[in-house]
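# A structural walkthrough
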Amino acid sequence: MGVTKEMVESSLTLKMNPSHLEVIDTSGGCGASFVVEIVSPQFEGKRLLERHRMVNAALENEMKQIHALSIRKALTPEQWTQQRESQNPKSTTA
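An account of the accompanying structure is given in this report. On a predicted model such as this, the values are computed, not experimentally measured, just so you know. (Residues numbered from 1 in each chain as written. Predicted model: local features only at pLDDT ≥ 70, side-chain atom pairs only at ≥ 80, totals over all residues. Heavy atoms only, no water.)

## Considerations on the sheet that holds strand S2 (residues 33-39)
Taken together, 3 strands build an open sheet; the order of strands is S1-S2-S3 and the sheet is mixed. At either margin of the open sheet sits one strand with a lone partner, and together these are strand S1 (20-25) and strand S3 (68-75). In this sheet, neighbouring strand axes are inclined to one another by 10° on average, regardless of whether the strands run parallel or antiparallel. The pairing of S2 with S3 spans 7 bridges and is classified as parallel. In the sheet register, Ser-33 faces S3, and the bridge partner there is Ala-68. (Pairing = 2+ DSSP bridges. Helix = DSSP H or I, 4+ residues; strand = E, 2+ residues; numbered from the N terminus. Axes fitted to C-alpha atoms, helices over the stretch in contact; angles between N-to-C directions.)

Below, the structure is given as structure tokens:
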């Protein structure tokens, strides 16, 4: 049996304690390819490459069966908040 979206979510939730997590199965259901967007305080002070390594390490067992993992976003909670605010600027009316 292949890896499921729920398995990826469970491992990342347990090991990374994310405040936001989105996992998309892009394999058509066979569990071979996933896209991940994750926000975790564990990323504080880490460079992007280190963050990706952390995600890969958290999915060590699953990676034995996953052929492709795309980490779309690996952000700190502060970066996530800033990004969301810049995408949805508050309107200022007098």
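## Section: the pattern of salt bridges
Applying the stated criterion to the full structure yields 2 salt bridges. The partner of Glu-37 in a salt bridge is Arg-72, with the nearest N and O atoms 3.5 Å apart. Taken together, the residues Glu-37 in strand S2 and Arg-72 in strand S3 connect sequence positions 35 residues apart. In this structure Arg-72 comes out as partly exposed when scored by relative accessible area, which is 45%. (Salt bridge = Lys/Arg side-chain N within 4 Å of Asp/Glu carboxyl O. Buried < 20%, exposed > 50% of the residue type's maximum accessible area, 1.4 Å probe, protein only.)

## Observations regarding the environment of Met-63
As for its position among the elements, Met-63 is in the loop between helix H2 (48-58) and S3. Given the relative accessible area of 26%, Met-63 is considered partly exposed. Here the alpha-carbon distance between Met-63 and Val-35, two residues 28 residues apart in the chain, equals 13 Å.

## Digging into the environment of Cys-30
Locating Cys-30 in the fold gives a position in the loop between S1 and S2. The contact partners of Cys-30, leaving out residues within four places of it in the chain, are Gly-2, Val-3 and Asp-25. (Contact = heavy atoms within 4.5 Å.)

## Quick word on the packing of helix H1 (residues 5-16) against H2
Where H1 meets H2, the closest approach of the two axes is 9 Å, and the angle between their N-to-C directions is 115°. When you trace H1 past H2, the crossing you get is right-handed. Note on element contacts: H2 touches H1 through Met-54, Val-55 and Ala-58, opposite Ser-11, Leu-12, Lys-15 and Met-16. (Left-handed = near helix turned anticlockwise from the far one by under 90°.)

None of this, on its own, says anything about what the molecule does.
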